[in-house]
Structures are given as C-alpha cells and as structure tokens.
Amino acid sequence: MLMGDLSTPYSAFVREERHLAAILFHLLCDPKNCRSLLKEFAPEWDIDTARGDWAVYFEYAYLRDYWHQLGRKRDEKGHSAANQRKYDYLSSMFALFSGANASEFFYDISNFAKFNRSVSTRHSDYALMSPARWQVKKIRERSDIDEVTQKAAITIAWMFRIKPDLVIQPSPSKALCLELKIESRLANYSSAPSDKSTAVESGQMALQRTMMRKLFGNQNVSFGLITSDPSLSLDGEYATRTWAQIFSALGPQQNQPGFVMAAIKRHDPGVKGSSSN
C-alpha cells in the first residue's frame, strides 16, 4: 500500500509557497507578463527588452553573494587581501547607520580571529566571518561597543540572512521587492534582550525595506505583497494584491505545462489559458 493517492496529481493540492513563487518567477521571464506585474506595483516603471538589462531574481540574496565574490579574488597576500576588501565593505555598511563605529566593533583589523570569536561560537581563524554567521547573543555580550553600534551590527547580521522572494529589476539601478504568501504570516527576527532597552526593528518587511533602500536608494526601490489572505496588509509603502488579482492581471497563459496551469487555476479559477501537455 502506498502512502498517498497518486491518481490525484500533487499539483492539485500543493501548498508550498516556494513552489508558487517559482511558478510566478517562470511566468515573469516572459517580458509581457513582467510588464503586466510592474503595472500592479510600480506603474511608472517599464522594462526595455532592446537594452536587455532587465532581470527577475528568485530568493534574492545579493549581500550573501557579493560577500562571496569579495573573497574569490586572491593575490600574493592570500586571505589578507580578501579580508581587507570585506572589512572595507562592512565599514561602508556601518557608515550608513548614523553614529555607528565600525573600528570599535572590529577591533584591530589585522586580528580577524579575535573579532570572529567575539561574534560567533563557530569561528574562523583566518577569514573575516560573514555577518550571516554573526550570533546576536554574542554581539549583545560585547560590553565594549555602544548601543548604536550594537544595533547597526545586529541589523546588518539580519540583512545578510533575509532573501526577498522575488526581485524584479527593470534596470540595474531599480528594484521591485516582492514578498509572497499563501497561508503563512509575516515573520519577525527575534533580537531584543529581556529588558528591551536595545531592541532592533526586526520585522521581516522592515528589514527588507532597510536592506533594499540602503542598496538602491530610497527613490529606486518599490515594495509589494502578494497573498491569498486579503486581510494581510502592510503600511502604505506596500501595494498588496491577492494571487487571484495577479494571475488575472497577467492574463491568459498559453502553452504552459499542466502543473503550471493547475497552480494558476487553484488561485484564479477564472483564468484562461492552454496547457502544453
């Protein structure tokens, strides 16, 4: 006896958010669909297919991957050169937080092993540790840094861990950041001590907003939420649409695989289109 009824395809009842996010990513690779979605969230923006510099990213992890890129270039100094590039990058990030003191936080830049031990119980003795691996508890134990620097460090640590579900870049200097939900609620990143005296703004969307604005600039980024729950809304900075509204806006989809059409029709039964199988 098998554990499921395989006569009913999984596509008929799949609830995984990343599956639906991947299907939307697939649809947005068509410029027509991408333009239709931009009209819902950033109607003043458009893509230029002739220029060819528009892009759609699934689970956008720019900070993580840029950090990795900084460590790939080696010269005769080996790790020390990569560490210096990473230190310079983090110092520039701290400079975006008014009053934060990067030199205070990192100690002597020639002694990265000491710094790594101060922010993580799992540390390296030769490579400057990524903020994605900094531990909030260890940062809070640092009595040698002020509150502003501590808040900046925790915020940077969380920004390295978050990944917006979808990011559409109509050009390299602009970004539409989309959070996609089916049944789950918005997450929070717990980082406040028991006395709350140095609590950090750590809501999922607040962190995304901070990261994307510091990456692109306030005027070059827009935000949106796609959800199955119309009651799940955010402040005025986020345009909210249901999945049914999005699939309706994209219009009929032709020659899509059956499992793609099944996902679309589950959320917008009235949508028209054809399957390729």
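Structure's up top.
Residues numbered from 1 in each chain as written. Predicted model: local features only at pLDDT ≥ 70, side-chain atom pairs only at ≥ 80, totals over all residues. Heavy atoms only, no water.

S.K.: Quick rundown of the pattern of salt bridges? Include the residues and the values.
M.R.: Applying the stated rule across the entire model yields 12 salt bridges. Across the pair Glu40 and Arg241 runs a salt bridge whose closest N-O atoms are separated by 2.8 Å. You can see Glu40 sitting in helix H2 (residues 31–41) and its partner Arg241 sitting in strand E5 (residues 238–242), a full 201 residues away along the chain. The salt bridge involving Asp125 is made with Arg117; its shortest N-O contact spans 3.6 Å. Taking the relative accessible area as the measure of exposure, Asp125 reaches 54% and is therefore exposed. Given the relative accessible area of 41%, Arg117 is considered partly exposed. (Salt bridge = Lys/Arg side-chain N within 4 Å of Asp/Glu carboxyl O. Helix = DSSP H or I, 4+ residues; strand = E, 2+ residues; numbered from the N terminus. Buried < 20%, exposed > 50% of the residue type's maximum accessible area, 1.4 Å probe, protein only.)

S.K.: Which residues make up the side chain of Asn83, and what are the values?
M.R.: Here Asn83 is to be found in helix H4 (residues 79–94). Exposure remark for Asn83: the relative accessible area of 4% places this residue in the buried category. Beyond its immediate stretch of four places on either side in the chain, Asn83 contacts Phe112, Tyr126, Ala127 and Leu128. (Contact = heavy atoms within 4.5 Å.)

S.K.: Can you tell me about the pairing of strand E4 (residues 221–227), naming the residues and giving the values?
M.R.: Counting buried residues along E4, 7 of its 7 residues qualify, which places the element largely inside the surrounding structure. Both faces of E4 are covered, namely the face carrying Val221, Phe223, Leu225 and Thr227 and the face carrying Ser222, Gly224 and Ile226. Pairing between strand E3 (residues 175–180) and E4: 6 bridges, direction parallel. For Leu176, the partnering residue across the bridge sits in E4 and is Ser222. (Pairing = 2+ DSSP bridges.)

S.K.: Describe the nonpolar core, with residues and values.
M.R.: If you look at the biggest cluster of nonpolar residues, it comprises 43 residues, and the most contacted ones within it are Leu90, Phe94, Phe105, Phe106, Trp134, Ile156 and Met212. Once residues within four sequence positions are removed from consideration, Phe106 is found in contact with Tyr87, Leu90, Phe94, Phe115, Leu128 and Trp134. Counting residues in hydrophobic clusters, the runner-up holds 30 residues, among them Leu24, Phe41, Trp45 and Ile182. (Core = buried A, V, L, I, M, F, W, Y, C linked by side-chain atoms within 4.5 Å.)

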